Amino acid sequence: MPELPEVETIRARLAPRLTGRRFDRVVIADARLTRPDPPEAIAASLEGERVRDVGRRGKYLVVEFESGRHLLIHLRMTGNLEHPARGGFEADPYRRAVVSLDDGSDVAYRDVRRFGTWTLLEPGELADYIAARKLGGEPLERTFTTARLSRALAGRRAPVKAALLDQRAAAGIGNIYADEALWRARLHPLRPAGSLSPEELARLRKAIRAALQMGIARQGATLRDYRDPDGEPGRMQDEFRVYGRAGEPCPRCGTPIEKTRAGGRGTWYCPSCQPLDPS
Ligand SMILES: [Zn+2]
């Protein structure tokens, strides 16, 4: 499932190719993508829009148009954007939408499981839309301080892993980078989020940033579906310290990695360097 590093990789690839381009023709072939709005209406509404910028907020890709409107694309589980450098597309039963740009190239949206969403916002609606989703701060920005993380986790009894997944403490972290960050911070995933000491919170902030930056540097993680817009897989999966590595030695201490569940998700950690009772 794409998390911040995967969405950021897609954004960085698409931004120079889309900025300044006009959406000439838009075909949306799946009503689930735009519901409750009819896909034909959204497609027609997008035609003629010119891209001012391609940004990202958490796991949302944010296409900003010169009109002031925004198209928010959330890839959810298996969504993907394709913009091959040359040549057209092969037949693909999972292609849900195609945007033809005024330079003659096409951007296609592919989604096997169909949980992804395209939301078109009118000028001025973006801030309220983001606020309504209780999206936390951007963990790679300077505003993501230990104090801010501390406030977001204060008093919460949920496991720290679950608190990282729910997007309120920090936007864009999913199952992979939560586990990798907690390992880097030497924190057990089932520790109550509100129980972390100031020193542990400082470690966690640093670890979140390091895990996400490693993911971006490796162009994301490809477990199954994720590809960048050129169709290339990421390489972050070769760098996992704990994620998916049950039984393999911890890279720090050699203890076999264990698997548990937190926030309803498979969760990997080192029982030696991430003790549940740190005292
Ligand atoms: Zn260890």
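Worth saying up front: this structure is predicted, and the values here are computed from it rather than measured.

Enquirer: Is there a simple way to think about the packing of helix H5 (residues 146-153) against helix H8 (residues 198-217) in this case?
Expert: Helix-helix packing: each pair is described by the crossing angle between the helix axes and the interaxial distance. Where H5 contacts H8, the axes come no closer than 9 Å and their chain directions differ by 110°. Considered as vectors, H5 and H8 are oriented roughly perpendicular to each other. H8 is crossed by H5, and the crossing has right-handed handedness. Listed contacts from H8 to Thr146, Leu149, Ser150 and Leu153 of H5 are Pro198, Leu201, Ala202, Leu204 and Arg205. Among the residues making up the contact of H5 with H8, the classes are represented as 6 nonpolar, 2 polar and 1 charged.

Enquirer: I'm lost on the nonpolar core in this one. Help?
Expert: Across soluble globular proteins, nonpolar side chains show a tendency to be buried alongside one another. Judged by nonpolar contacts, the single largest core of 38 residues is most densely connected at Leu153, Ile173, Tyr177, Leu204 and Ile208. Here this core takes 7 residues from H8, the largest share from any one element. Non-local contacts of Ile173, meaning those with residues more than four positions away in its chain, are made with Glu3, Lys59, Leu164, Leu165, Gln167, Ala178, Ile208 and Leu212. Core analysis: the next-biggest nonpolar cluster, separate from the first, contains 29 residues, Val7, Leu14, Ile42 and Trp118 among them.

Enquirer: Which parts of the structure should I look at to understand the packing of aromatic side chains?
Expert: How two aromatic rings sit relative to each other is given by the distance of their centres and the angle of their planes. All chains considered together, the criterion is met by 5 aromatic pairs. Both rings, one in Phe23 and one in Phe65, keep their centres 5.2 Å apart while their planes meet at 85°; by these two values the pair is edge-to-face. Here Phe23, found in strand S1 (residues 23-28), pairs with Phe65, found in strand S3 (residues 60-65); they are 42 residues apart in sequence, far enough to count as distant. Neither residue differs from the other here; Phe23 and Phe65 are each classed as buried. Considering the side-chain rings of Tyr109 and Trp118, the 5.7 Å spacing of their centres and the 70° angle between planes classify their relative orientation as edge-to-face. Taken together, Phe240, Tyr243 and Trp268 form an aromatic cluster joined through their ring pairs. We note Arg133 situated over the ring of Tyr129; from NZ or CZ to the ring centre the distance is 3.5 Å.

What counts and what doesn't
Residues numbered from 1 in each chain as written. Predicted model: local features only at pLDDT ≥ 70, side-chain atom pairs only at ≥ 80, totals over all residues. Heavy atoms only, no water. Axes fitted to C-alpha atoms, helices over the stretch in contact; angles between N-to-C directions. Helix = DSSP H or I, 4+ residues; strand = E, 2+ residues; numbered from the N terminus. Parallel < 35°, antiparallel > 145°, perpendicular 65-115°, else oblique. Left-handed = near helix turned anticlockwise from the far one by under 90°. Contact = heavy atoms within 4.5 Å. Nonpolar A, V, L, I, M, F, W, Y, C, P; charged D, E, K, R; others polar. Core = buried A, V, L, I, M, F, W, Y, C linked by side-chain atoms within 4.5 Å. Buried < 20%, exposed > 50% of the residue type's maximum accessible area, 1.4 Å probe, protein only. Phe/Tyr/Trp six-rings, centres within 6.5 Å; stacked < 30°, edge-to-face > 60°. Lys NZ or Arg CZ within 6 Å of the ring centre and 35° of its normal.

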